[in-house]
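# A structural walkthrough
Here is how the chains run, residue by residue.
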Amino acid sequence: MRILAIGAHPDDLEILCGGTLAKYAAKGDEVTMAIVTDGAAGSTELAVEELRKIRRQEAEKSAKLIGADFTWLGEPDELFFENKESRFKSIELIRKAKPDIIITHAPSDYHPDHQAVSQAILNSSFVATLPNIKSAHEAHELVCPIYYMDTLAGVNFQPSDYVNITEQFEMKQKMLACHASQIEWLQYHDNIDILELIETTAKFRGYQVGVKYAEAFQSAQYWLRVKPERLLP
Ligand SMILES: [Zn+2]
């Protein structure tokens, strides 16, 4: 299977579905980790150009840990909007990766970039199948099933599916630990220990399904996208 995971910011995928991506990769599926914005807004010390470079390096390092392909769209942090240009960027991303399943943000998540990415990917993944909409790559054959990842701390999110990540939890921690600049920023700016947050959330989701650690998902309920078989690992 080919899995395309799309996060708004460089650490979102690790926080919200890192264990699941590691599990796909471990069983030989092809994983692409795509980051939409450059994550360069979160600092009081570093200039945008400098932080952009650091955050990209951190994200690439994390993707490498599980052998995932890495795609960086480089949109400005905090300012992602769906327009014609971003629609085509998203279409290209999907056509190039040819996914069997897309994992992205829930529309109910807290951050405007998360909400915008969620909507943009839902829309683009439909248009990506239309051959008369021309771009560098050929139209994708599949109106792709989409799974929304959990929201931060699970707020306003009712899961439809769970993935047991007990065996992958250590890898999830390692992947997130690559994002050193963001771990420091969240502690300083929001007083959040993000490594503790992912452990608490994974335990909480784990308790819901009787395993040590789990990640939670919601299948996007749209015509042509809902499949009878289980696509999550
Ligand atoms: Zn984010």
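Residues numbered from 1 in each chain as written. Predicted model: local features only at pLDDT ≥ 70, side-chain atom pairs only at ≥ 80, totals over all residues. Heavy atoms only, no water.

What follows is about the coordination of the zinc ion. Binding of the zinc ion to the protein goes through His 9 (ND1), Asp 12 (OD), Asp 12 (OD) and His 114 (NE2), at separations of 2.0 to 2.3 Å. If you list the donors of the zinc ion from N- to C-terminus, the spacing comes out as H-x2-D-x101-H. One end of the pair, Asp 12, is in helix α1 (residues 12-26); the other, His 114, is in helix α4 (residues 112-127), with 102 residues separating them in the sequence. Given a relative accessible area of 0%, His 114 falls into the buried group. (Donors = N, O, S within 2.8 Å, 3.2 Å for Na, K, Ca; no water. Helix = DSSP H or I, 4+ residues; strand = E, 2+ residues; numbered from the N terminus. Buried < 20%, exposed > 50% of the residue type's maximum accessible area, 1.4 Å probe, protein only.)

To continue, consider helix α6 (residues 180-190). Those residues of α6 that sit buried are Ser 181, Gln 182, Ile 183, Trp 185 and Leu 186. Just downstream of α6, Asn 191 is the residue with a positive phi angle, here 55°.

So, on to unusual backbone geometry. A positive phi is found at Lys 98, a non-glycine position, where the angle reads about 45°. With respect to the secondary-structure elements, Lys 98 resides in the loop between α3 (84-97) and β4 (101-104). The exposure class assigned to Lys 98 is partly exposed, which follows from its relative accessible area of 42%. For Ala 153, which is not glycine, the phi dihedral falls at a positive 60°. Locating Ala 153 in the fold gives a position in the loop between β5 (146-149) and β6 (161-164). With relative accessibility at 46%, the residue Ala 153 sits in the partly exposed group.

Everything listed here is a matter of coordinates, which is why it stays silent on function.
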